[in-house]
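# Residue-level structure breakdown
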Amino acid sequence: MSITRGRCITGLARILVGLFALTVIIIQITDRVLHDAFDPSEYFSYFTIQSILITIVVLLVGGWMALTRAEDTVLYTAVRLGVVAYAIVTAGVYNLLLRSVPYEGYQGIAWLNEAEHVWLPVFVVLDWLFSPGRPRLPFRAMFVAVVYPLAWLAYTLVRGVFFTGEYPYPFLDPANDGWGSVTIYIVALSAFILVIAALGVVYSRMRARRVSDEVRG
């Protein structure tokens, strides 16, 4: 099977957006260093930052794959499904829960936050919806999406409870509304990620079936 024009466009778009996301991170770190506001342990503890770093790798690998293969691998697509879920969670949590919450630290360059919490998630979702060459995923692939978030939550809570007393997001701080509230948020976000991943699997199977029907027709 030959590499289509659509795959080439997808590959270039993924690489360009991946490099753009990397540039955003570099600019943000540089800006914070110049204003004496860069704390690596704090900065790299944010779910947004860690998930963006994962997204950068996934986009660059996916770009290369789209330029060299007619179809993405199942493993890559399962990991990419997780990235889609993280992008939606990042955009949703920021815009629904955090956008109006005042931040006491250094504010930084405003458009960088928009790029991280709006522009990049929009591209990741559109790439999932419309890019060609995605294989049909098994339903067990949805559980890949929760591996990283659960690991991040464990790290965040252990770090906050036993070492720093600080949490990257106020809804994870038990000092605000207690552990009951923290537990509710954790369960709700985990369930939300699983729902997004399940919908992504269903979409991949429907899209693969439609492409198969078009080829046979």
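Residues numbered from 1 in each chain as written. Predicted model: local features only at pLDDT ≥ 70, side-chain atom pairs only at ≥ 80, totals over all residues. Heavy atoms only, no water.

Attention shifts here to the nonpolar core. I25, F47, L120, L137, W152, Y169 and L172 are the most contacted members of the largest nonpolar core, which totals 48 residues. Elements with a contribution of two residues or more to this core: α1 (5-34), α3 (47-68), α4 (74-98), α5 (110-130), α6 (147-164) and α7 (174-216). Broken down by element, this core gets its largest block of residues, 12 residues, from α4. (Core = buried A, V, L, I, M, F, W, Y, C linked by side-chain atoms within 4.5 Å. Buried < 20%, exposed > 50% of the residue type's maximum accessible area, 1.4 Å probe, protein only. Helix = DSSP H or I, 4+ residues; strand = E, 2+ residues; numbered from the N terminus.)

By the secondary structure assignment, I49 is in helix α3. Between the C-alpha atoms of I49 and I25, which are 24 residues apart in sequence, the distance is 8.0 Å. Among residues more than four places away in sequence, those in contact with I49 are I25, Q28, Y43, F44 and E116. (Contact = heavy atoms within 4.5 Å.)

Contact geometry of α3 with α6 gives a least axis separation of 11 Å together with a crossing angle of 145 degrees. When the axes of α3 and α6 are compared, the crossing they make is right-handed. Across the interface between the two elements, F47, Q50, S51 and I54 of α3 pack against Y148, P149, W152 and Y155 of α6. Within the contact of α3 with α6, the residues separate by chemical class into 6 nonpolar, 2 polar and no charged. (Axes fitted to C-alpha atoms, helices over the stretch in contact; angles between N-to-C directions. Left-handed = near helix turned anticlockwise from the far one by under 90°. Nonpolar A, V, L, I, M, F, W, Y, C, P; charged D, E, K, R; others polar.)

In this section: α5. A rise of 1.5 Å per residue sets the reference length of α5, with its 21 residues, at 30 Å; its end C-alpha atoms lie 29 Å apart and thus fit the reference within 8%. The principal kink in α5, of about 40 degrees, is found at E116. Here α5 has its buried residues at L112, A115, E116, H117, L120, P121, F123, V124, D127 and W128. (Expected span 1.5 Å × (residues − 1). Bend = angle between axes of the 7 residues up to and from the residue.)

Here we come to unusual backbone geometry. One non-glycine residue, D36, lies in positive phi territory at about 50 degrees. Secondary-structure assignment places D36 in the loop between α1 and α2 (40-43). By relative accessible area, D36 is classed as exposed at 74%.

Let us now look at the confidence of the model for the chain. On average, residues of the chain carry a pLDDT of 92, and 95% of them reach 70 or more. Taken as a whole, residues 212-217 scores under 50 in pLDDT and shows 0 contacts with residues more than four places along the chain or in a different chain. (pLDDT = per-residue confidence, 0-100.)

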